[in-house]
Every structure is written in C-alpha cells, then in structure tokens.
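As a plain string of letters, each chain reads:
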Amino acid sequence: MAESVDHQQVHDFLVEIARKAGDMIATAQPHVNTSGHKSNTTDLVTETDKAVEKFVTGALKERYPDYDFLGEETYIPGKRLTDKPTFVCDPIDGTTNFVHAFPNVCISLALCVYRMPVVGVVYNPYTTHMYTAIKNQGSFLTMPVRTDSPSSPAPIAPRKIRLPRKSYPEPLTGLRSALVAVEWGYDRSGVNFTVKHKTFTKLAGATEDGGKMVHSIRSLGSQVDLYWEGGPWAWDVAAGWLVLTEAGGIVVDGNPGNWTPTVDGRRYLAVRAAPSGQKEIVEEFWSAVEGRMVYDV
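A quick note: this is a predicted structure, and the numbers were derived from the prediction, not measured.

Draft legend 1. Representation of the pairing of strand E8 (residues 139-146) in the model. Here E8 lies mainly inside the structure; 6 of its 8 residues are buried. Here strand E7 (residues 129-134) pairs with E8 via 4 bridges, running antiparallel. Along E8, the bridge assignment pairs tyrosine 131 with leucine 141. Between the antiparallel neighbours E7 and E8 lie 4 residues, among them asparagine 136 with a positive phi of about 70°. Examined bridge by bridge, E8 and strand E9 (residues 156-162) share 7 bridges and lie antiparallel to one another. Bridge pairing links threonine 142 to lysine 160 in E9.

Draft legend 2. Inspection of the pattern of salt bridges at higher detail. Scanning all chains against the criterion turns up 10 salt bridges. One salt bridge connects glutamate 16 with lysine 20, and the closest N-O pair in it is separated by 3.2 Å. Here the residue glutamate 16 and the residue lysine 20 both occupy positions in helix H1 (residues 7-27), the gap between them amounting to 4 residues, near one helical turn. Here glutamate 16 falls in the partly exposed class, since its relative accessible area comes to 37%. Judged by its relative accessible area of 44%, lysine 20 is partly exposed. One salt bridge connects lysine 202 with glutamate 290, and the closest N-O pair in it is separated by 3.3 Å. Taken together, the residues span a long stretch of sequence, with lysine 202 in helix H4 (residues 190-204) and glutamate 290 in the segment after helix H6 (278-286) at a distance of 88 residues.

What counts, and where the lines are drawn
- Residues numbered from 1 in each chain as written.
- Predicted model: local features only at pLDDT ≥ 70, side-chain atom pairs only at ≥ 80, totals over all residues.
- Heavy atoms only, no water.
- Buried < 20%, exposed > 50% of the residue type's maximum accessible area, 1.4 Å probe, protein only.
- Helix = DSSP H or I, 4+ residues; strand = E, 2+ residues; numbered from the N terminus.
- Pairing = 2+ DSSP bridges.
- Salt bridge = Lys/Arg side-chain N within 4 Å of Asp/Glu carboxyl O.

What follows is the structure in structure tokens.
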C-alpha cells in the first residue's frame, strides 16, 4: 500500500482540507472561560478543536478508507506510528492563542509512511500563510504579498515562495549569534520541567558564569536558527518536520547524542538550513542541556 501512495494527490487534498478547516477556525468565537482542559490549566481544548478534527477525519476516511489516522483529539494512549500510511492531524495547533484571539494559530496535517512524513501542510487561517512540503520535492510558503502589477485584480495577491526564504542562508556560527526558540510546554512540574528551567538559564547566562550567552531566546517565532522542545506529540511536529527538512534543515533529539529521533519520540531540536555549522551548533546546544528529558510515548 505504501508504494502506491500518490504524494501530489494527497498534498492537493490536504491543502483543500486545511483551507476549509481554516474557515471553521477563523469564524469561531472561542472564550477562555468556556474552554476545557486536556491535562492541566495550561493545556486547553475547545469545541472547535473537536469539530475541526471530526471534519478532517471524515474527509480523509472517505477518500482514503484504508489509511490509519492519528489525531490529537481522538488519540488513544499508546498508539504509535507504524509503517502503514497514516494521516496525522493537529486541528488547532496553538489552542491557547486561539482562545485569546492571538493569531499565531494553525492547522497541521501530514501523511506519514514508514513512520516518517512524506506530505506536510501547515496553515494559519488568520494570516493565510500556508506551508507545504512533499518528500524530495522541496517545501514552500504561500503568503499574501503586495503587488503593483496593473494586471493584478487586487493590490495583494498570494505568492508561492520556495523555502528557505533566504536563497543563500548564512552559516551557523554558534549560539552567541543564534536566534533560539524554546517552549515551556504544558507540563510544569517534575524532571522535565527542571531540565528545561536549568537549560534555559544556562543558555541565557554569561560565559564567565558557564552560560552560552545565546544572542536571543524567544518563546515563539518561525524564522529562527534553532528550536528546542520536549513534550510535543507526533501531530505537533510531523508536518513541520517535513517542511523544515525539505528546506535543508535537520531534526535531532532534544536529548544529547541521538541524531536520528523518531517523529513520535516527543523530544526535538530543529535547526534551520545552513551551508555549514549545523552539526557544530547541535553539539554546542547539547552541551547546554542540563539533564535528560523523559516522556511516555
């Protein structure tokens, strides 16, 4: 079955689904006080999450009834990716932003085969930014741009841009000149929270105190040099993983030493495309990780 997957056909269908689901997200009126919680007060879920996943599941199962499905809102504990073609869905990535009307929100859709993503679509319905990728065919960003062309029917029109956006990205020269994105995650206790807290402190600290003096550490942003997190699930990363790697980036384990993590391994260090310095900056970052994160999968 895996050999017969038409990646382009799946890609086009996922783009269509993402746009329709995006309309559901953009027209919803969520409220903080009416949102539920998945595990604790930082991990929100809304009726829109559930409705979007139900729509996506129905559309995909009607078109591809023999494929597996792994979704955030219908996840069964212990379920892992297999060799079988599997759609992976996060209906609203950024639910906390969503309920606060902060427009950093997206739907994330991927098709994984042999446990790795082969098609990925990430769509922000508020900005209409659409990231797409097909394995071995590159990744792209479709976004609205201003045009002064007299033949254009509108001053702003969508443009498809091949990634990375910089045709000649700069080498990675070390953490002191790097823009690093991090995330606390929803689990705010135990060993994993301690590892993150200590690592963030070491990254930000002065070199004379044993720190790495990272140029900038942010908790959001897509145009960064590195992104480190523990705790996400396959639906959080599958589509973005392919978009990044098709643009020349790499994904390694968030814990030191493992260069070949699994998509559902829940620990990640993502590094942008660069002509040189990827391996070196990974090893430098790993040297700053204070302990080892442990997550159930």
